[in-house]
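Coordinates in review
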Amino acid sequence: MKIQLAGLMVVGSLLAGCTTVGSQWPWVFAPPAPDADVQPQPNYPAGQSTVVRPPVVMNPPRTTFPQQQQPPVATTTPRQPVNYPAGLGGDYASYPAMRQFIGKMNNKHGFEIAFLEQTFSGVRRDKEALTKAGAPTEGQGWRAYRPIFLTEERINGGVDFWNRHATLLDSATRQYGVDTEYLVAIIGVETQYGKNTGKHNVLQALTSLGFDFPRRADFYQKELEQFLLLSREEKMPPQVFGGSYAGAMGLGQFISSSYRSYAIDGNRDGKRDLWNPQDAIPSVANYFAKNGWKRGGGVAVPAYISGGSYASIAETSAKKPSRSLSELAANGVRPQGAINSAKVSLIKLDGATDEYWVGGENFYAITRYNPSVKYAMAVHQLAQEIRKRKFGF
Ligand SMILES: [Ca+2]
């Protein structure tokens, strides 16, 4: 992964003032000898540590692992928990759930307990991530939502991104069958074409949300599990990944489970680097293809509505299309143009004046990226505006 990656640079610069621990770094992969005065814990993860080992402070990003510092490789047979000296410090040392998590990562995936303790001892609670995750998400109507994404800057930025990466985009469109303007629009909506890939440390954000945000603790602990697996697979220390408050990474803001499932090593350098357009662009295309995007399919067109029965079939949240156009017509709904999709939905966007659209299977595919019809419509309309600006139609 290249050092100029924006997210990683932020982590590096934030930590530049920390104590240098280069000599301690190998501990991550080779646990230090037990201290003579530390008693082994017979029944890990029960019991609390009283001896705190110096945490592995977040290091500046590293690009490669020296040969002798390869991270542990999972064995095919999960290992039984073993007795390690007590060594969990930091903000999460007193959390029984953290000790259970460490035990699970050891038992299920073969991570060394010492490695996990060192890793989590260096984690600081990300209060900003907790605040953002707890903020209300509803209340914004489509009329307020649309102008955030449909700006001149974002439309022109899309044309510029398209021109700069035309070869990569053409190649991804051919290989995965996803229309170029939607690849560009997703990256535009998510990160303003890579300008804002997130200023949080992913390890800290996911740990904080996994253990201090009860409402979604299960979800974030699972993402943290996926994140540690990802970090091991990509041979990168978990401390170096930057992302959003929710742990989304790279140009397309993939969460860890999506990163593992859909990321593509487009430039075939052995790493899936979602901060690099060479990998990020085919990865976004692959995400769409794997989530039901149909080559040449329609996305959405405005609807004419009449009569009284259309309201009963209108969707305000993402649902898989299940109706035919004739079924819509029987309910007083007619698309204001052609839409090539075997199944369709009537989409309602709330606002001062409600808008009605006929959405196809590809509209639903966009909601697999973010389960909001407003999000999918913003991507659709931005994609159309970018295409018009680039080609004039
Ligand atoms: Ca790569």
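Residues numbered from 1 in each chain as written. Predicted model: local features only at pLDDT ≥ 70, side-chain atom pairs only at ≥ 80, totals over all residues.

In the nomenclature of an unreviewed UniProt entry, the protein is known as Lytic murein transglycosylase B of Thiothrix fructosivorans.

**Points about the overall build of the protein**
Definition in use: Helix and strand labels come from DSSP, where a helix needs a run of H or I of at least four residues and a strand needs a run of E of at least two; each type is numbered from the N terminus. The exposure scheme places C-beta atoms from the backbone and then counts, for each residue, the other C-beta atoms within 10 Å of its own, assigning buried at 20 or more, exposed at 12 or fewer, and partly exposed in between. A residue pair is marked as a contact if its C-beta atoms, positioned from the backbone, fall within 7 Å.
Counting secondary structure elements, the protein contains 15 helices and 7 strands. A buried classification covers 44% of the 393 residues belonging to the protein. Taking all contacts inside the protein whose residues are at least 6 apart in sequence as the whole, residues at least 24 apart take part in 77%.

**Examining the nonpolar core**
This is how the line gets drawn: Throughout this description, the term nonpolar core refers to a group of buried Ala, Val, Leu, Ile, Met, Phe, Trp, Tyr and Cys residues whose C-beta atoms join them within 7 Å. The domain limits used here are those given by an automatic or database domain assignment.
Formed by 89 residues in total, the largest nonpolar core has its most connected members in Leu183 and Val379. Here the element with the most residues in this core is helix 15 (residues 373-391); it accounts for 8 residues. When residues of this core are assigned to domains, at least three map to each of domain 1 (6-63 + 83-129 + 199-278) and domain 2 (300-367). Other than its neighbours up to four places away in sequence, Val379 contacts Tyr182, Ala185, Ile186, Val189 and Ile366.

**What to know about the sheet that holds strand 4 (residues 314-315)**
What counts here: DSSP-based pairing: two strands are paired if at least 2 bridges between them are found. An axis is simply a line fitted to the C-alpha atoms; with a helix, the fit covers only the stretch in contact. Between two such axes, the angle follows the N-to-C directions and lies from 0 to 180 degrees.
An order of 4-6-7-3-5 is seen for the 5 strands of this open sheet, with the pairing classed as mixed. Among the strands making up the open sheet, the edge pair consists of strand 4 and strand 5 (333-335). The sheet contact formed by strand 4 and strand 6 (residues 345-349) spans 2 bridges and is parallel. Each bridged residue has a counterpart across the sheet, and for Ala314 the counterpart in strand 6 is Leu346. Across the sheet, helix 15 lies against strand 3 (300-305) and strand 6, angled at about 95° from strand 6, the strand it touches most.

**A word on the packing of helix 5 (residues 142-149) against helix 15**
Applicable threshold: Angle categories: roughly parallel below 35 degrees, roughly antiparallel above 145, roughly perpendicular from 65 to 115, and oblique for all the rest. Handedness of a crossing follows from how the near helix is turned relative to the far one, being left-handed for an anticlockwise turn of less than a right angle and right-handed for a clockwise one. When residues are grouped by polarity, Ala, Val, Leu, Ile, Met, Phe, Trp, Tyr, Cys and Pro land in nonpolar, Asp, Glu, Lys and Arg in charged, and all others, Gly among them, in polar.
Remark: helix 5 packs on helix 15, axes separated minimally by 10 Å, with the N-to-C direction vectors making an angle of 45°. In terms of orientation, helix 5 lies oblique with respect to helix 15. Crossing angle aside, the handedness with which helix 5 passes helix 15 is right-handed. Two secondary-structure elements touch here, helix 5 through Trp142, Tyr145, Arg146 and Phe149 and helix 15 through Lys374, Ala378 and Leu382. Classifying every residue of the contact of helix 5 with helix 15 by side-chain character gives 5 nonpolar, no polar and 2 charged.

**So, the pairing of strand 7 (residues 355-359)**
Bridge count between strand 3 and strand 7: 3 bridges; the pairing is antiparallel. For Ala300, the partnering residue across the bridge sits in strand 7 and is Gly359. Pairing geometry for strand 6 and strand 7, over 5 bridges, is antiparallel. Within the sheet, the bridge partner assigned to Leu346 lies in strand 7 and is Val358. What sits between the antiparallel neighbours strand 6 and strand 7 is a turn of 5 residues.

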